[in-house]
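For reference, the chains in residue letters:
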Amino acid sequence: MSTAATADASSSGDTTEGSVRLLTLQSEDGEVFEVKETIATQSVTIKGMVDDDCATSTIPVCNVTGRTLAMVIEWWNKHEIGAVSNEKELKEWESQFDTIDDKSDRDDVYDLLMAANYLNIPTLLDCCTSAVAEAIKGKSTDEMREFFDIKSDFDEKEEDALRKENQWAFEN
Amino acid sequence: MESISDGVQDKIKLREGTPTRTIKMECLPHEIVFNILSRLPITSLVKIKFVCRAWCDLTLHSHLISSHFLHQIENDPCLILHSDHPIRNQIYFLDLSADVSENDKRVKQFSAPPAMPPEFVIIGSCNGLLCLKGPSPWNKLYIYNPFTRDQLELPGSTLDSDKDQVFEFGFHPSTKEYKVIKIVYDKIDTLKVTNVHILTLGRSSSTWRSIGNLPYRFVHHYSRKAFVNGRFHWVFLPQNLVKIRHDSFLLVSFDLADEKFQEVPKPACPGALEEGISHLAVLGGCLAVAGLALHASIEIYVMKNYNVKESWIKEYSIGRYYFGRDLDENVVVSSRLLIPYLGGPLRVLCLLKNGEILLHYMHRVLVTYNPKSGSFKDLSFPGMMSWFQTFVHVGSLSWIDTATAATGTCTYCQVE
């Protein structure tokens, strides 16, 4: 995080838009986002800062990139009370987060998991853990290795024994 | 609708560019990883274990094992199937959990247990562990988790030629101890003294200790027992009773913590426990008695509040079941596994999460009964054998020492 970016962002911290206070969040890679306090406090971490009066200047969101933070804010916007008219519509919208079709989705969900964990956003965390679990279900050990880019580090003898003793787990 | 398509637009816009990094599962905080893994059906969790060493290590954490166990007992069970046909002495499983993906909804076969005699019977299942017994005259017992292949050999029990014995395997949630109970009775005359022995697992010097004589008359043919609230339940007769009437039978529990036998209130219907026409079961964590009634229907009494006589209610009345297909008559089963169809051809296995009752017909077919519509449905899965014993099981990576975390609130613990 560059000092220039921090200084620049802190000047814009704690602004208000109408009667709604805006919070300034800064991603790990220096991107700055202004978010309504009512929305950002869906994060238990941020809510704690607001309650302790620690959210007056720029809030650094460590370990979360601007790209991921944008997705998190999108999630907050949709989950703000009154943003979506009914539960069904919200679930349909969430489905873009809870299915992992390819490795790019996989890495997005991983990024979101880290962000949801750091910011403590229970709804997002639950959605992403469920997405990873769904992606694992139904895959054989070999398919899991392929999908998660993992090379087996068991030696040949161990691998043979695993396959022999647990044949069902290697069949599809 | 408009806002939904907006959402999809957002996805495309949001995901321009590539993710910044590839995070490895083992680098995620453990709390998150355990949250993910504990949602998996046992089949996927075992496969995870074989991916690489780091993932294998994750599956060994006792925290994961107990949270996965607690997730599983909220789900439909994993059935353990023991069959002699077509191949002798094979163990299979069928996971009925809703988490199981379509291509895992089939009967799968376990490799032979390590260091187990080629012939064995399954005594029972408790908290994801099976208790197996090797052949006579050694009668060695084994505790075995078929998903981890962990195995523990227990001291054997040789027998005098005029005696026979039954074993039960269970866990008490307050003492957090697994115990095996052994009842040794006279083959010919059950009025003769019947001895009771206990083996506590996990102690360094596991040996059988006698806890005296059974204060009841053992009922030889009453082959169904049930395990509820840390207690085994059997049907016995009063001691020294010679003339047996249809209402003489007693419901008796054995508490695994204080090791005492105690009579439990029985259903109001006087003949409900009669030998040969009824069997005990566990339905949704409650003790139940299933009895044959007129026209081969089955009546199921359930004790809603444990040990409260007034809470026994006749909850289900199941009409006669007709099996629609011809049964394979060429099934060869060894006498070792051949258990007569005491209590009728339909055996109650458990209550499923959708409110249906899972039944086993003639050791041949799995059947569900829907109490609302009163209809039966044959369950057919790829790989199903034509004759098998069924054990309601919790698919888990648990072992004897992980039980302290998993509190044994399992509602399925049941013994054959």
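In this numbering scheme, every chain counts its residues from 1 along its sequence in written order. Just so you know, chain letters begin at A and ligand numbers begin at 1, following the order they were written in. Confidence filtering applies because this is a predicted model: local features only for residues at pLDDT of at least 70, side-chain atom pairs given and counted only at 80 or more, and all residues used for totals across whole chains, interfaces and linings. For side-chain calculations, the full set of non-hydrogen atoms in the structure is used, while hydrogens and water are omitted.

- In the nomenclature of an unreviewed UniProt entry, chain B is known as F-box domain-containing protein of Dipteronia sinensis.

- Chain A goes by SKP1-like protein in an unreviewed UniProt entry, where it is assigned to Dipteronia sinensis.
- UniProt positions are given in the numbering used here, feature names are shortened, and annotations may be inferred rather than shown by experiment. As its UniProt record puts it under Sequence similarities (unreviewed entry), chain A is described as follows: "Belongs to the SKP1 family."
- For the record of chain A, the UniProt heading Pathway (unreviewed entry) holds the text "Protein modification; protein ubiquitination."

Structural notes on the overall build of chain B
Consideration 1: Strands are runs of DSSP state E lasting at least 2 residues, helices are runs of H or I lasting at least 4, and numbering of each runs from the N terminus. For chain B, the helix and strand inventory stands at 5 helices and 26 strands.
Consideration 2: Per-residue burial for chain B yields a buried fraction of 58% across its 416 residues.
Consideration 3: When contacts within chain B are restricted to residue pairs at least 6 apart in sequence, those whose partners lie at least 24 apart make up 55%.
Consideration 4: Only the protein chains shown count as cover for residues, and all accessible areas are computed by the Shrake-Rupley method using a 1.4 Å probe. When the accessible surface of chain B is totalled, it reaches about 17100 Å², and 52% of it is carbon and sulfur. Type-normalised accessible area, obtained with a 1.4 Å probe on protein chains alone, sets the label of each residue: buried when under 20%, exposed when over 50%, and partly exposed for intermediate values. We call two residues in contact when some of their heavy atoms are within 4.5 Å.

Points about the interface of chain B and chain A
Consideration 1: Counting residues at the interface gives 48 residues for chain B and 56 residues for chain A.
Consideration 2: Accessible-area loss on putting two parts together, using a 1.4 Å probe and summing over both, is the definition of buried area adopted here. When the two sides are added together, the surface that chain B and chain A hide from each other amounts to roughly 4600 Å², 59% of it contributed by carbon and sulfur.
Consideration 3: Only one rule defines a salt bridge in this text: a Lys or Arg side-chain nitrogen within 4 Å of an Asp or Glu carboxyl oxygen. Our count for the chain B to chain A interface comes out at 4 salt bridges.
Consideration 4: Taking the shortest distance from any N to any O, the salt bridge between Glu 158 of chain A and Arg 53 of chain B comes out at 2.6 Å.
Consideration 5: Under this definition, polar contacts are N or O atom pairs within 3.5 Å; protein pairs additionally need one hydrogen-donor-capable and one acceptor-capable atom, and for neighbouring residues in sequence, both atoms have to be side-chain atoms. Across the chain B-chain A interface, the total number found is 11 residue pairs in polar contact (both at pLDDT 80 or more).
Consideration 6: Those elements giving two or more residues to the side of chain B that touches chain A turn out to be helix 1 (2-14), helix 2 (30-37), helix 3 (42-49), helix 4 (53-58) and strand 3 (108-109) of chain B.

Here we look at the domain arrangement of chain B
All names here are of chain B.
Consideration 1: Considered domain by domain, chain B is made up of domain 1 (23-60) and domain 2 (61-415).
Consideration 2: For the domain bounds, the source is a domain assignment made automatically or taken from a database. Relative placement of domain 1 and domain 2: their C-alpha centres are 31 Å apart.
Consideration 3: Contacts between the two partners involve 17 residues from domain 1 and, on the opposite side, 21 residues from domain 2.
Consideration 4: Summed over both sides, the interface of domain 1 with domain 2 buries roughly 1600 Å², with 67% coming from carbon and sulfur.
Consideration 5: The largest share of the area that domain 1 buries against domain 2 comes from Phe 34, Ser 38 and Ile 42, three residues that together contribute 35% of it.
Consideration 6: Across the domain 1-domain 2 interface, the total number found is 1 salt bridge.
Consideration 7: Note that Asp 104 and Lys 47 form a salt bridge whose closest N and O atoms lie 3.5 Å from each other.
Consideration 8: The interface formed by domain 1 and domain 2 contains 5 residue pairs in polar contact (both at pLDDT 80 or more).
Consideration 9: Of all the secondary-structure elements, those providing two or more residues to the side of domain 1 that touches domain 2 are helix 2, helix 3 and helix 4.
Consideration 10: If one sorts the elements of the side of domain 1 that touches domain 2 by residue count, helix 3 sits on top with 6 residues.
Consideration 11: Each residue gets one of three labels, nonpolar for Ala, Val, Leu, Ile, Met, Phe, Trp, Tyr, Cys and Pro, charged for Asp, Glu, Lys and Arg, and polar for the others, Gly among them. Residues of the side of domain 1 that touches domain 2, tallied by class, amount to 9 nonpolar, 4 polar and 4 charged.

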